[in-house]
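As a plain string of letters, each chain reads:
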Amino acid sequence: MARLDIAEVVAQAGVPASTLRYYEEKGLIKSIGRSGLRRVFDATVLERLTLIALGRAAGFALDEIAAMFETNGKVNLDRKVLLSKADELDLTIRKLSAMRDGLRHAAKCAAPSHMECPTFKKILRATASGIISAHTPTRVRKK
């Protein structure tokens, strides 16, 4: 079993030591001991950190990611949760695509003023109605 001290994990995973300590505090990773004052991890922590990074990139909260790890260290991905996140990402993509297209149109619009542009006014109405929002979508919670 390969062992890595915290500095080696930092170098290989590209994650700050403070993040590793926080993840350990949250129960996402676990050190296997210490070498002097330094935490020591099993080399499999690198794969777990990659899974955590993937989950974060997909928009999962750390608590949601933690729920994907069993107490024995194995990964248990709930397919319904994954599909729900994919649906949430689809919605976000549609909203962002509409915003991008509207902004491109507004940048090139020949109307004398943006407030006279029908497309720009449509974006304003969508924003006012909440269709386009500065907030991230509500996370789906497991019941």
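Just so it is clear, the model here is predicted, and its values are computed rather than measured. (Residues numbered from 1 in each chain as written. Predicted model: local features only at pLDDT ≥ 70, side-chain atom pairs only at ≥ 80, totals over all residues. Heavy atoms only, no water.)

1. A few points about the pattern of salt bridges
Now for step 1: Throughout the structure, instances matching the rule amount to 5 salt bridges.
Now for step 2: Across the pair D5 and R38 runs a salt bridge, and its minimum N-O distance is 3.3 Å. Here R38 lies in strand β3 (residues 38-42) and D5 lies in strand β1 (residues 3-5), a separation of 33 residues in the sequence.
Now for step 3: Salt-bridge contacts for D101 lead to R100; the nearest nitrogen and oxygen are separated by 2.9 Å.
Now for step 4: Using a relative accessible area of 42% as the deciding quantity, one classes D101 as partly exposed.
Now for step 5: Judged by its relative accessible area of 39%, R100 falls in the partly exposed class. (Salt bridge = Lys/Arg side-chain N within 4 Å of Asp/Glu carboxyl O. Helix = DSSP H or I, 4+ residues; strand = E, 2+ residues; numbered from the N terminus. Buried < 20%, exposed > 50% of the residue type's maximum accessible area, 1.4 Å probe, protein only.)

2. Some remarks on a nonpolar patch on the surface
Now for step 1: Side chains of L51, L54, V75, L77 and L82 sit close together on the surface and give an oily, nonpolar patch of about 400 Å² of accessible area.
Now for step 2: In this fold, L54 is placed in helix α3 (residues 45-57).
Now for step 3: For L54, a relative accessible area of 57% corresponds to the exposed category. (Patch = residues over 30% accessible without salt bridge, like charges linked within 9 Å, V, L, I, M, F, W, Y side chains within 5 Å. Areas by Shrake-Rupley, 256 points an atom, 1.4 Å probe, with all protein chains shown as cover.)

3. Considerations on the packing of helix α1 (residues 6-13) against helix α2 (residues 17-26)
Now for step 1: Between α1 and α2, whose axes approach to 9 Å, the crossing angle comes to 110°. The orientation of α1 relative to α2 falls into the category roughly perpendicular. For the pair formed by α1 and α2, the contact residues are I6, V9 and V10 on the first element and A17, L20 and R21 on the second.
Now for step 2: Broken down by class, the residue content of the contact of α1 with α2 amounts to 5 nonpolar, no polar and 1 charged. (Axes fitted to C-alpha atoms, helices over the stretch in contact; angles between N-to-C directions. Parallel < 35°, antiparallel > 145°, perpendicular 65-115°, else oblique. Contact = heavy atoms within 4.5 Å. Nonpolar A, V, L, I, M, F, W, Y, C, P; charged D, E, K, R; others polar.)

4. Comments concerning the layout of surface pockets
Now for step 1: Its volume calculated, the largest pocket comes out at about 430 Å³.
Now for step 2: Lining the largest pocket we find 19 residues, and of these L28, I29, K30, R48 and G73 sit closest to its centre.
Now for step 3: It is α3 that provides the largest number of residues to the lining of the largest pocket, a total of 4 residues.
Now for step 4: Residues that form the lining of the largest pocket fall into these classes: 8 nonpolar, 6 polar and 5 charged. (1 Å grid on protein atoms, 1.4 Å probe; cavity = no way out; pocket = protein on both sides within 12 Å on 5 of 7 lines; lining within 4 Å. Points joined across faces, edges and corners; volume = space filled by probe spheres on them.)

5. Focus on α2
Now for step 1: Those residues of α2 lying buried are L20, Y23 and E24. For α2, the buried positions fall inside an angular range of 100° around the axis, keeping them on one side.
Now for step 2: Along its buried surface, α2 packs onto α1, β3, α3 and α4 (62-66).
Now for step 3: One or two positions beyond α2, positive phi appears at G27, with a value near 85°. (Arc of directions from axis to C-beta.)

6. Considering the packing of aromatic side chains
Now for step 1: As enumerated under the stated definition, the model contains 0 aromatic pairs in all.
Now for step 2: Taking the ring centre of F69 as reference, the NZ or CZ of R48 above it sits at 3.8 Å.
Now for step 3: Lying over the aromatic face of F60, K85 brings its terminal NZ or CZ to 5.0 Å of the ring centre. (Phe/Tyr/Trp six-rings, centres within 6.5 Å; stacked < 30°, edge-to-face > 60°. Lys NZ or Arg CZ within 6 Å of the ring centre and 35° of its normal.)

7. As for the nonpolar core
Now for step 1: Counting 17 residues, the largest nonpolar core has I29, L49 and I52 as its most contacted members.
Now for step 2: At the level of secondary structure, the elements contributing two or more residues to this core comprise α1, α2, α3 and α4.
Now for step 3: Dropping the residues within four chain positions of it, I29 is found in contact with L20, Y23, E24, F41, V45, R48, L49 and I52. (Core = buried A, V, L, I, M, F, W, Y, C linked by side-chain atoms within 4.5 Å.)

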